[in-house]
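An overview of the molecular structure
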Amino acid sequence: MRFHIAGLNHRTAPVEVREKLAFPAGHVEEALGELIRQGGVREGLILSTCNRVEVAVALDAGDPAAVVESFFEQSRRMARGDLAPHLYHYHGRDAIRHLFRVAASLDSMVVGEPQILGQLKEAYATAKTLGAVNGFLDGLCARAFSVAKRVRTETEIGSSAVSVSYAAVELAREIFGKLDGRAILLIGAGKMSELAARHLQRAGANRILVTNRTRERAEQMAAVFQGTVVPYEQLAQPLTQADIVITSSGAPHYILTPELMRGAMHQRKNRPIFLIDIAVPRNIDPQINKLDNVFLYDIDDMGKVVERNRVNRMEEAAEAERIIEEEVDKMLARLREREVTPTIVSLQDQLEQIRLAEIERVRGRLGLLTPQQEEAIDALTKGILGKIAHGPIAELRRHASRGETTGIVDTVRRIFRLPE
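Residues numbered from 1 in each chain as written. Predicted model: local features only at pLDDT ≥ 70, side-chain atom pairs only at ≥ 80, totals over all residues. Heavy atoms only, no water.

When helices and strands are tallied, the chain shows 15 helices and ten strands. Against the 2.2 N^0.38 benchmark of 22 Å for 420 residues, the chain shows a C-alpha radius of gyration of 32 Å, more extended than a compact globule. If you line up the chain on its principal axes, its C-alpha atoms span 110 × 60 × 35 Å. For the chain, with 420 residues in total, the buried portion stands at 47%. Put simply, of all contacts in the chain between residues at least 6 apart along the chain, 70% involve residues at least 24 apart. Put simply, the chain shows about 21200 Å² of open surface, and 52% of that area lies on carbon and sulfur atoms. Between the mean site of the 56 positive side-chain charges and the mean site of the 56 negative ones, the chain shows a separation of 2 Å. (Helix = DSSP H or I, 4+ residues; strand = E, 2+ residues; numbered from the N terminus. Rg over C-alpha atoms; globule rule 2.2 N^0.38 Å. Buried < 20%, exposed > 50% of the residue type's maximum accessible area, 1.4 Å probe, protein only. Contact = heavy atoms within 4.5 Å. Areas by Shrake-Rupley, 256 points an atom, 1.4 Å probe, with all protein chains shown as cover. Lys, Arg positive; Asp, Glu negative; His and termini not counted. Charge placed at Lys NZ, Arg CZ, Asp CG, Glu CD.)

Time to look at a nonpolar patch on the surface. Judged by side-chain polarity, Leu-380, Ile-384 and Ile-388 come together as a nonpolar surface patch covering roughly 280 Å² of accessible area. Considering the arrangement of structural elements, one finds Ile-388 in helix H14 (residues 371-401). Exposure remark for Ile-388: the relative accessible area of 42% places this residue in the partly exposed category. (Patch = residues over 30% accessible without salt bridge, like charges linked within 9 Å, V, L, I, M, F, W, Y side chains within 5 Å. Salt bridge = Lys/Arg side-chain N within 4 Å of Asp/Glu carboxyl O.)

Looking now at the sheet that holds strand S3 (residues 52-59). Within the open sheet, the four strands sit side by side as S2-S3-S1-S4. Their pairing is antiparallel. The open sheet has two free edges, formed respectively by strand S2 (41-48) and strand S4 (88-91), since each of these has just one partner strand. Across the sheet, the mean angle from the axis of one strand to that of its neighbour is 15°, orientation sign disregarded. Strands S2 and S3 of the sheet are contacted by helix H2 (residues 28-36), whose axis makes an angle of about 150° with S2. (Pairing = 2+ DSSP bridges. Axes fitted to C-alpha atoms, helices over the stretch in contact; angles between N-to-C directions.)

The structure is reproduced here in structure tokens:
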């Protein structure tokens with residue numbers, strides 16, 4: 001059995017190449033059928049995301065790299081010469097390590113992001129449903145999911161924000177603790193503020209107020225969040241209600257001034273408020289940060305949080321890589337033992353048949369036996385065979401642990417005349 005992974009990702013290919021090789025959601029099933037029909041392919045899996053396209057195959061025979069490249073050429077109508085400079089190939093141990101690293105998000109553009117594991121599970125489920133995964137790859141994928149869980153459990157690789165929108169959630173939690181029931185005011189309807197609001201909403205903030213110079217855009221944003229539109233000219237009132245304010249307006253001047261916030265804080269009875277200024281130029285006067293219980297962060301502050309967390313993730317990634325190597329060793333040990341398992345089972349079966357046949361052969365001379373005597377004979381003969389089998393079985397396992405199975409398997413089968 002040969003295991004091989006080939007593909008490209010955000011590091012090896014520009015988006016114009018990745019989008020040509022990508023498999024649209026409705027076409028993966030058909031492509032899997034084509035993959036399994038390639039010569040020598042027993043099992044296959046296709047992982048296609050915006051940042052990577054990979055094919056994993058288990059083959060009985062043939063050149064794995066040539067098989068996968070031929071599949072890409074036929075299914076995506078791309079010349080092999082155009083693909084070759086961008087493709088990577090992993091085989092055997094390296095392929096297992098790569099699969100584990102992808103599942104654990106160590107190979108992602110943003111190390112530690114959780115989406116890739118869900119995408120890999122979806123790819124596996126599709127292949128499993130179609131029968132394209134049914135043996136070796138089945139067990140390998142299950143192990144990859146367990147490895148990813150172990151990395152998440154034993155490291156902090158996924159706990160720190162590495163985007164501005166996630167950083168907003170992290171900072172808000174530092175200020176408020178739980179975000180359940182917190183109200184968000186969006187001033188401006190930019191994409192960054194929308195992303196930050198989405199993450200905050202998922203974290204528990206569930207009341208959304210939206211204001212924008214163009215009311216139509218405010219209504220569109222409010223519809224996205226099932227929120228409420230407030231007049232752009234009347235900010236004082238929503239500032240008394242909101243716990244978190246995100247500004248991304250294109251206004252050339254400060255929208256929130258110290259005077260405006262003093263009045264709002266008086267109405268709030270100094271209840272804390274978290275201000276996120278994502279706009280450039282800034283929408284919030286930095287002097288506001290001097291007010292009690294007002295926590296103001298601009299885009300540079302958020303960037304510092306992101307960079308600090310990125311460094312933390314890379315430190316955690318080193319520990320995750322150690323876990324991956326340990327799990328790869330365990331997986332290879334299991335696979336090597338699987339190579340000798342049929343021989344061990346065959347040896348045990350043959351010895352058991354001999355034992356039972358010999359007992360039957362002499363039974364007539366033993367006369368009528370009591371249940372206790374039957375039990376004693378059974379235990380005696382099993383014990384003898386266990387001692388006979390122990391040596392060859394131990395040697396088979398010892399050689400398997402070192403990856404030296406072919407010679408010992410042939411020797412044991414010849415000595416004991418085991419059937420193929």
